[in-house]
Amino acid sequence: MAADYLDRLRREGRIVIVGASLAGLRAAETLRDEGFAGSLTLIGDEPYEPYDRPPLSKAVLLGKADPRHTELPRRREIDAKWRLGVPATALDMTAKRVRLADGDEVEYDRLLIATGVRARPWPKEPEAQLDGVFVLRTRDDAVGLHRRMKAGPRRVFVIGAGFTGSEIASACRDQGIPVTVAERAGAPLAGALGGVIGAVAADMHRENGVDLRTGVMVTALEGDTVGRVRAVHLSDGSVVEADVVVVSLGATRNTEWLTGSGLGAGPRGIACDAGCRAFDFRGIVTDDIFVAGDVARSPHALFGYQFLSLEHWGNAIAQAETAAHNMISPSSDRRPHLWVPAFWSSQFGVNIKSVGVPPMGEELMITQGSLAERRFVGVYGYQGRIIAAVSFDNTRWLEFYERMIETGAPFPVEFPTVDRRPEGRTPVSADFPDPSLPTHGPTVTLSGYSPADRQLVFTPARH
Amino acid sequence: MTQASILRQITDYSNRANPYPLYKELLKTPVLQDEEGGPYVVSSYWDIKGLLHDPRISSDAANLAAAGDDQAGIEETGLPPSFIRLDPPEHDRLRRMANSAFGPPHQPRRIDSMRGELAQIVSDLIDGLGDQRQIDLVDQFAYPFPVTVICRLLGVPREDEPRFRAWVDPLVASLDPDTRESATAEFRKSAQEARMQLGMYLAGLVEERTKNPRDDMLTDLATSRGPDGAMTMMEVLSTAVLLLIAGHETTVNLITNGMLTLLRHPDVLRRLREDPALSVNIVEELLRYEPPVQLVPQRTCIADIELRGVTIPKGSRIWLVLAAGNRDPERFQDPDRFDPDRGDIQHLGFGSGIHSCFGAPLARLETQIALTELARRLGNPRLIEDPPEYRPNAVLRGPRHLTIAFDDLLP
């Protein structure tokens, strides 16, 4: 019976993918690679075919790449129906239908949700709408911001010194544009990598001429009489004049369209099992709805079965491939998605890469190189084991540390390593900010069940 | 019959033409120490890959000497060790400075802009074959091509090749474990002497460049002042010696192994003739299937390392047999098949980690152009001798001669 169904699904089933970006595209390619011959529909809210986002905050802002030409390379033909520029607005799990903004409905046998995240906007709407206020997530955002940067702004103000904010600041300095960065935490990248590494990042900012303000919040954006942003007000009472403001406060997961659908979706993403099958809001796994990419949050054995949401390029691909495989495979053939989180950034000429989940780390050891030289590998420890590592201009060693993480190697790191300096012999506190105080958005969200995610209303059945 | 140790069989010249059955045998004991006090030989793909990224593994010549390889001292006299024999931070500093003269981000186009020049050198060499219909590919093509290229890139006069070859040969021989094993004090001395002589020869050129800078790497190495400062004269020389040798000794073998493999796989040769774009994948598959650097014998571990249940004690020498890892069935499907259509050719041909081949972009481009042009221009090429005569070296493996015949030269 089940085998028959699967056979028919592979031959003539209908698969719908909501989200036409990296994860959606790779999933579609994998489905075709693995022999899915039925109909494939990709739904995307942007009018563009899938494009690559990492260059948007790097090469594009530097003018080294055209934002209109960062299409993702295609691995193969996918022979899909594209519904671009039309967001999905609702899901009917019973009828197996996705409703679109234009009123259309698309039926599916299997659904993959890969709607990703969007930039968190400035919370005060009138201020957010001032001319010159940007976020940076989409191609259109990048086109607009790049145009303003080319026009020679007097000063760019970046709110939030996470990875994206820091990359924007770096791109400004590279082009000689005055830039101020405000960060609520004590240092840039502190939320993602902790205060010790954050101090290195702060030095990078300052040495490159960024006006870095830490431990402050932006309280208001001020516009002029014709609605252009002209100044930024900070919690320490200072006012900074700026004609471009980039709001870089992390991301919000695109799950609103699932409200009321019965799926386990909320502000932290869509919960799923290790095989990418979505949970409904009662915690029961579905078998026809799968999730992948930034919007998914799945339990990870290496990290205490915490639900992880990862805004990571590599994770989107790996999870999409796993989800696609599992969508058309019998249960005995399904694979778990047990990706070791990995993330990279490039700013102020320094290559930063992390593996594992640094924010889970309590202590830090610099096992190779030195903080002062900004070339090092730092290892994060959690309850006696290695939980993450980060490198500045030292990427080639990370594979080793990734294996240490995978095998639960002990922390502190006692064995000798090449280029170990005296400073790296004893662990120090990694100095993460209090997690209850939001800084900029993290790139790894450790999201065990949060009661705030969704109210579970238990209504006893009546006989 | 006494079975010679696998290690000795690998270094034994009689197995040079086809060492792959031995590697297969070796893979049955992926972590092997088959002689008391000898090196630990690691042959499986994932283990090698892991060790190449393992900060408990040292490439420092001094550690190697302490581990009992007394040949390690060849680089110790006269010139300081080149970055290939150093650990970070010194390795990183020197490689970074060398790279700023060679590749991205500082010289993003230095290699790619040579494309036309490389194609011209290749055309000239093929045109130069004239009416000959039988050639030794090594002497007449695979050797002169990369030598010409590295000479131009560094700024070494091409006509000096016979001079520096006399110094390069003993240095290359000293890399061979068999030679090292049986080396007399005299041989060691001559290798040290050769390195000094080569260094002094280059010193003359560098001195000239300091006075009259040109657009070449010797000038850049000698005169660049980056964030790391400048190289000392001695550092410039040991870097230049390294680049000069590594810049051609390996590419000769890659091109020759490549043509040999193509002639053994005429269907692929035919496809390459019709579709030059296939050369990219062909070269990658060659680096997996017949890598010029077969093994890396110059590593020691500075901590105990456990691998597949074997504890390799701190201070041991480690050999990484890249060519065996490249044909590890745990990693590659049907590993003994030459198949440029493999979707996944993540070979170890250029190593991995911080010491991964410095010249990889150049070696790739040279070989792609060389094989494409040979395939296009030689009419009905065929092997005269199979297997051909090999060079003695077990580390840098490749044919000494490769005699091929063809019907005509296409324009």
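What you are looking at is a predicted structure, and each value in this text was computed from that prediction instead of being measured.

Focus: the sheet that holds strand E15 (residues 239–241) of chain A
All names here are of chain A.
Step number 1: Pairing in this open sheet of 3 strands is antiparallel, and the strands run E13-E14-E15 from one edge to the other. With partners counted over all chains shown, the strands left at the sheet margins are strand E13 (218–223) and E15, one partner each. Strand-to-strand twist across the sheet, computed as the mean angle between neighbouring axes with direction ignored, equals 20 degrees.

Brief notes about the sheet that holds strand E21 (residues 285–291) of chain A
Residues and elements named next belong to chain A.
Step number 1: Judged by pairing direction, the sheet is mixed, and its 6 strands sit side by side in the order E3-E2-E1-E7-E21-E20 without closing on themselves. Only two strands of the sheet have a single partner each, and these edge strands are strand E3 (81–84) and strand E20 (277–279). Across the sheet, the mean angle from the axis of one strand to that of its neighbour is 30 degrees, orientation sign disregarded.
Step number 2: The sheet contact formed by strand E2 (residues 39–44) and E3 spans 4 bridges and is parallel. Paired with Thr41 across the bridge in E3 is Lys81.
Step number 3: Across the sheet, helix H8 (residues 313–327) touches strand E1 (14–18), strand E7 (110–113) and E21, and the angle it forms with E21 is around 140 degrees.

Here's the deal with the pairing of E7(A)
Residues and elements named next belong to chain A.
Step number 1: Burial of E7 is two-sided: the residues Arg110 and Leu112 facing one way and the residues Leu111 and Ile113 facing the other way are all buried.
Step number 2: The sheet contact formed by E1 and E7 spans 4 bridges and is parallel. Note on E7: the bridge partner recorded for Val18 is Ile113.
Step number 3: Relative to E21, E7 runs parallel, the two being bridged by 3 bridges. Pairing of Ile113 across the sheet is with Val291, part of E21.

With respect to the pattern of salt bridges
It is possible for side chains bearing opposite charge to pair when their charged atoms get close.
Step number 1: All told, the structure shown has 66 salt bridges over all chains when counted by the stated rule.
Step number 2: A salt bridge links Arg334(A) to Asp287(A); its shortest N-O distance comes to 3.4 Å. In this pair, Arg334(A) is assigned in the loop between H8 and strand E24 (342–347) and Asp287(A) in strand E21, connecting sequence segments 47 residues apart.
Step number 3: The partner of Arg364(B) in a salt bridge is Glu284(B), and the shortest N-O contact between them spans 2.6 Å. Separated by 80 residues along the polypeptide, Arg364(B) in helix H17 (residues 360–377) and Glu284(B) in helix H15 (residues 278–289) bring together distant segments of the chain.
Step number 4: The class for Glu284(B) is buried, based on a relative accessible area of 13%.
Step number 5: Salt bridges sharing common partners tie together Arg14(A), Arg97(A), Arg99(A), Glu105(A), Glu107(A) and Asp109(A).

A short note on the confidence of the model for chain B
Step number 1: On average, chain B scores 92 in pLDDT, and the residues at 70 or more come to 96%.
Step number 2: Across the predicted assembly, pTM comes out at 0.90 and ipTM at 0.89.

Let's talk about the packing of aromatic side chains
Residues and elements named next belong to chain A.
Step number 1: Under the counting rule described, the total for this entry stands at 14 aromatic pairs over all chains.
Step number 2: Between Phe376 and Phe392 the ring centres are 4.7 Å apart and the planes differ by 20 degrees, which places this aromatic pair in the stacked class. Highlighted residues: Phe376 in strand E27 (residues 375–382) and Phe392 in strand E28 (residues 385–392), separated in sequence by 16 residues.
Step number 3: Seen from their ring centres, Tyr380 and Phe432 are 6.0 Å apart, and the 40 degrees between their planes marks the pair as tilted. Of this pair, Tyr380 sits in strand E27 while Phe432 sits in the loop between strand E29 (428–429) and strand E30 (444–446), and the two are 52 residues apart along the sequence.
Step number 4: When its relative accessible area of 0% is taken as the criterion, Tyr380 is described as buried.

So, the environment of Ser298(A)
All names here are of chain A.
Step number 1: Tracing the sequence through the fold places Ser298 in strand E22 (residues 296–300).
Step number 2: When its relative accessible area of 8% is taken as the criterion, Ser298 is described as buried.
Step number 3: Distance from Ser298 to Asp174, taken between C-alpha atoms, is 38 Å for residues 124 residues apart in sequence.
Step number 4: When neighbours within four sequence positions are excluded, Ser298 is seen to be in contact with Cys272, Asp273, Gln306, Phe307, Leu308, Gln319 and His337.

Focus on the environment of Ala119(B)
Residues and elements named next belong to chain B.
Step number 1: For Ala119, the position within the fold is in helix H6 (residues 115–127).
Step number 2: Residue Ala119 is classed as partly exposed on the basis of its relative accessible area, which comes to 29%.
Step number 3: Sequence separation between Ala119 and Glu366 is 247 residues, and the spatial gap between their C-alpha atoms is 8.6 Å.

Digging into the pairing of strand E5 (residues 97–100) of chain A
Residues and elements named next belong to chain A.
Step number 1: Residues of E5 alternate between two faces, with Val98 and Leu100 buried on one and Arg97 and Arg99 left unburied on the opposite face.
Step number 2: Here strand E4 (residues 88–92) pairs with E5 via 4 bridges, running antiparallel. Residue pairing in the sheet places Ala90 in a bridge with Arg99 of E5.
Step number 3: Connecting the antiparallel pair E4 and E5 is a turn made up of 4 residues, with Lys96 showing a positive phi of about 55 degrees.
Step number 4: Sheet topology places E5 next to strand E6 (residues 105–107); 3 bridges connect them, and they run antiparallel. When the sheet's bridge partners are listed, Val98 is paired in E6 with Val106.

Side note on the nonpolar core
All names here are of chain B.
Step number 1: Core analysis: the largest hydrophobic core is formed by 104 residues, its most contacted members being Phe164 and Leu198.
Step number 2: No other element matches helix H13 (residues 233–264), which puts 15 residues into this core.
Step number 3: Discounting residues that sit within four places of it in the chain, Leu198 has contacts with Phe164, Trp167, Val168, Leu171, Val241, Leu244 and Ile245.

Cut-offs and rules
Note on numbering: residues in each chain are counted from 1, in written sequence order. Whichever chain is written first is A, and whichever ligand is written first is 1; the rest continue in order. Owing to the predicted nature of the model, reporting of local features is limited to residues with pLDDT of at least 70; listing and counting of side-chain atom pairs is limited to 80 or more, with chain, interface and lining totals taken over all residues. Water and hydrogen atoms were dropped before computing side-chain values, which therefore reflect all heavy atoms in the structure. Here, any two strands with at least 2 DSSP bridges between them count as paired. Each helix is a run of DSSP H or I of at least 4 residues and each strand a run of E of at least 2, with the numbering of both proceeding from the N terminus. Only C-alpha atoms enter the line fits that serve as axes; for helices the fit covers just the stretch in contact. Angles between N-to-C directions range over 0 to 180 degrees. Whether two residues are in contact is decided by their heavy atoms: any pair within 4.5 Å suffices. Categorising residues by exposure relies on relative accessible area from a 1.4 Å probe, with only protein chains included: less than 20% of the type maximum marks a residue as buried, more than 50% marks it as exposed, and the intermediate range marks it as partly exposed. By definition here, a salt bridge exists when the distance from a side-chain nitrogen of Lys or Arg to a carboxyl oxygen of Asp or Glu is within 4 Å. A residue's pLDDT is the confidence the predictor assigns to it, expressed on a 0 to 100 scale. Ring geometry is summarised as follows: Phe, Tyr and Trp rings, the Trp one being its six-membered ring, pair when their centres sit within 6.5 Å, and such pairs are stacked at plane angles under 30 degrees, edge-to-face over 60 and tilted between the two. What makes a nonpolar core is a set of buried Ala, Val, Leu, Ile, Met, Phe, Trp, Tyr and Cys residues whose side-chain atoms join them at distances within 4.5 Å.

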